[in-house]
Each structure stands twice: as C-alpha cells, then as structure tokens.
Amino acid sequence: MALPESLPLCRALYNRSMRNLLLLMCLALVLSHDLAAFSFDEHSAKAREAASRGDLNTAEREYQAALREVRKRPGDMRVFLAYEGLSNVAERQHDAEAAEEYLKQGLAARREAGIGPVAELPAWLDLKRFYSGQKRWLDAAMAADRLAGIWKECGAGAEAGTAQYLSAAGLLYHSAGEYAKAEERYRAAVPILEAMGQSAALAHVVIRLANTLAAEDKRDEAEAQFKRAMTMTQKTRWQGSAGRDYSDFLRRHGRDDEAVALEKSRPSLAPARVARGVTSPQPISRHEPEYTETARSRRIVGSVLLYIEVDPSGAPVNIQVLEPLGFGLDEKAIAAVETWRFRPGTKDGQPVTVAATIEVNFRLF
C-alpha cells in the first residue's frame, strides 16, 4: 500500500506550508504597520503644511485623518501629537471649547500610556498656557500646581522646576485675586531657590511675593520684601521691577517724597525698556538649545526664562536666569542664546541697549 509511505512527505509539505503562511502573515503585519505609520506621518505633514499657510480646514481634516490612523494601534504615543495639532488648529479657529477638549484628551492619552507622571508634563504645560491665554486664572493656577507637584515627584535635581511652577501658580492665583494662595506658593518657592543659590531667580520671586503682600495690605512685610529684592538685584546686575514696584507702593500710601528719592537713587545707566519711543530687539539668527543627557533620559520638558540685554550691535549680554529648570538645562539655554543675534532695539530711532526676557523651550516627543 503506497498511502502510508506518503504520510511523512505530506506532513513535511504541510509543515512547510504552515511556516510559509506564518511568514506571510508576519510580513503583512509589518507592512500594514509601516503603511499605517507612513499614513500617519503623511497626514501630519500635510496638516502642518496647511496650518503654516493658514488653511485651517485642511489642517483639521488631515490631523483627524492622522488621529484615525494612530488610534488603530493602542499605545502608539504619537496620538499626543495628533491631539496637540488639533488643539492648535482649534485655537486658531477661535474654538476654545474644542481646543480645551483636545488638550484634555491628550492628557488622558498620556495617563493611559502608563509611563509615569513626567509624561504628563507637556499636556499640563499646554493646559496652563491655554487657560492663561483665556484669562481663566484659577484653572491655569491649578495646572501650575499640578506641574509643581510632578516636578516635586521627580526627586533630587528637580528643585528648580518645582520652584518655577510654584512661583507660576502664585502669579496666577494673584491674577485671580486669591492672594493667600499666591503668598503660600511664593513662600514655598523662596527657600528652594535660597538653597540653590539662584540669586536672580530668587529676587524674581521675592518681588512677586512683595506685590502680593502689598495687595493683602500687609504693608510692613511688603516693604521689607521690596527692600530685600532691591538689595538682591543690585548684586545680580538685574534690576527687575523691584525699584519701580516699590516706588508705586510708596506713592499708593502717600509717601511721595520717599518715592521721588528712591527714583533719583536708581542707576542712571540702566538699559532702556520697551515703552513709548523704545522698540524691542528682534531675533534674526537663533539656534535651538541642546538637551543634557540627564534631562533627556528623565523626559524633562519645560522652559527657562532668561533676562538679557541686547546691545546696539545686536549681541545679547548680561544674561540672567529668572525661571530655572535645572538638570543642566539652564546652562544650555544660556549657551544657545549667547549665539543668537538680534536686530537691536532703538530709542528715538537710534540703536541702544534694551532689556528683554527670552523664554527658551525644551520639548521632547
């Protein structure tokens, strides 16, 4: 009988066919993933290009197509990019409700990814910016509180970021008229910056604290903090608003003679500030900052606020860190801005040294 002798051959043919089928299935899966990835990237690129030329309807349509593609693969982190793009388009369309909803969906997606609180930083930064732009001060303050909390959870090395967002929350609570909460945030930020030796950043927060104490009518303590801030700024080559704010404080309380004396004592060679007759410097050549390996490995995102003076040649000088992030990013921000060149500010048409603040952003995927 020939049939039994053919069984091993049939079994071998069957096994080979199954292996080939599995290989084809794997290949199809890889190809479908690559095609989907290409489709997402293609739609995203078209959306960005459309947004850049002001075609917001096309941009929205392409971002929605990109979102549909990325949703086919649960856990694909590019879903955040689609939500961010849709939010930006909605804001430009003046649809605040839709913009907020997309930002919240992006935050929910980051949480669902289960990769830790640090992954939420970009979403909370966007929400803080959005709420501030809408003048929803309490919502923005609560977003800043959450940012400060995430930074605090980061542990050692995260003190600067914690202090920055405590101060940001304080400013937003002040804007909302919640002075007690503002004072609490500032008082929490001050000892952190004192321990770090961040002189200009510390003075920056102390000025804010003094203004909040003044708003609470805590006159004696407010005055003490104004004087403290002025002493600090004299040591940092950054004048800030301490003298001006203190002068306003004195005038509000009928102490005009003291205000005049204070104004006369202020340095006469201070750089100009943007006002009537004074134009602001404009960057004409800029380089993006580099990440430090520590910050990249910990997925740190945020911004460093720098005070600079732009001299008549268009070069930035006297760079001071007002809102630090730590992890070596402050130094990277300074190094980047030192290479920038500006169209200098002018006073009455002539180039002069003008003071400015620059926000240097650090953003990962």
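Owing to the predicted nature of the structure, the values given are computational and were not obtained by experimental measurement. (Residues numbered from 1 in each chain as written. Predicted model: local features only at pLDDT ≥ 70, side-chain atom pairs only at ≥ 80, totals over all residues. Heavy atoms only, no water.)

Thoughts on the overall build of the chain
Applied cut-off: Every helix listed is a DSSP run of H or I at least four residues long, and every strand listed is a run of E at least two residues long, numbered separately from the N terminus. Here's how the labels work: a residue is buried when its accessible area is under 20% of the maximum for its type, exposed when over 50%, partly exposed in between, all with a 1.4 Å probe on protein chains only. Between two residues, a contact is recorded if the distance between any of their heavy atoms is within 4.5 Å.
Across its full length, the chain holds 14 helices and seven strands. Every one of the 365 residues in the chain was classed for burial, and the buried ones make up 45%. Expressed as a percentage of contacts within the chain between residues at least 6 apart in sequence, the contacts between residues at least 24 apart total 64%.

Examining the packing of aromatic side chains
Filter applied, for reference: Note on ring pairs: Phe, Tyr and Trp rings are taken, using the six-membered ring of Trp, and paired if centres are within 6.5 Å. Classes follow the plane angle, with under 30 degrees stacked, over 60 edge-to-face and the rest tilted.
In the structure shown here, the tally under the stated rule is nine aromatic pairs. The interplanar angle of 70 degrees and the centroid separation of 6.3 Å between the aromatic rings of Trp238 and Tyr307 together place this pair among those described as edge-to-face. Of this pair, Trp238 sits in the loop between helix H10 (219–236) and helix H11 (242–252) while Tyr307 sits in strand E2 (residues 302–310), and the two are 69 residues apart along the sequence. The residues Trp238 and Tyr307 share a single accessibility class, namely buried. Taken together, the ring pairs connect Trp151, Tyr165 and Phe327 into an aromatic cluster.

Quick notes on the environment of Glu221
Mapped onto the elements of the fold, Glu221 is located in helix H10. Setting aside its immediate chain neighbours within four residues, Glu221 contacts Arg187 and Leu213.

Comments concerning the pairing of strand E3 (residues 316–323)
As a reminder of what qualifies: Whether two strands pair depends on DSSP finding at least two bridges between them.
When you tally the buried positions in E3, you get seven out of eight residues, the bulk of the element. Here E2 pairs with E3 via five bridges, running antiparallel. Looking at the pairing, Val310 lines up with Pro316 of E3. Linking E2 to E3, which pair antiparallel, is a turn of five residues; within it Gly314 sits at a positive phi near 95 degrees.

A closer look at the packing of helix H7 (residues 159–175) against helix H9 (residues 199–215)
Which entries qualify depends on this criterion: Under this scheme, a helix contributes an axis fitted over its contacting stretch, all axes are lines through C-alpha atoms, and angles between N-to-C directions fall in the 0 to 180 degree range. Under this scheme an angle from 65 to 115 degrees is roughly perpendicular, one under 35 degrees roughly parallel, and one over 145 degrees roughly antiparallel; angles in between are oblique. When the near helix sits turned anticlockwise from the far one by under a right angle, the crossing is termed left-handed; a clockwise turn instead gives a right-handed crossing. Put simply, Ala, Val, Leu, Ile, Met, Phe, Trp, Tyr, Cys and Pro go in the nonpolar bin, Asp, Glu, Lys and Arg in the charged bin, and everything else, Gly too, in the polar bin.
Between H7 and H9, the shortest axis-to-axis distance is 11 Å and the interhelical angle comes to 25 degrees. Judged by the angle between their axes, H7 and H9 are roughly parallel. When the axes of H7 and H9 are compared, the crossing they make is left-handed. Between H7, through Ser167, Ala168, Leu171 and His174, and H9, the contact on the second element is made entirely by Val205, Arg208, Asn211, Thr212 and Ala215. Split by residue class, the contact of H7 with H9 holds four nonpolar, four polar and one charged.

Thoughts on H7
Keep this limit in mind: In a helix, the anticipated span is given by 1.5 Å times the number of residues less one.
Counted at 1.5 Å a residue, the expected span for H7 with its 17 residues is 24 Å, and the 24 Å between its end C-alpha atoms agrees. Within H7, 13 of the 17 residues are buried, which leaves it mostly tucked inside the rest of the structure. Within two residues after H7, Gly177 carries a phi angle of roughly 85 degrees, on the positive side.

Let's talk about the side chain of Thr346
Keep this limit in mind: Whenever a nitrogen or oxygen atom comes within 3.5 Å of another N or O atom, the pair is scored as a polar contact, on the condition that within protein one atom can donate a hydrogen and the other can accept it, and that pairs from neighbouring residues in sequence are kept only if both atoms are in side chains.
Tracing the backbone shows Thr346 in strand E5 (residues 346–347). A polar atom in the side chain of Thr346 sits 2.8 Å from the side chain of Thr279.

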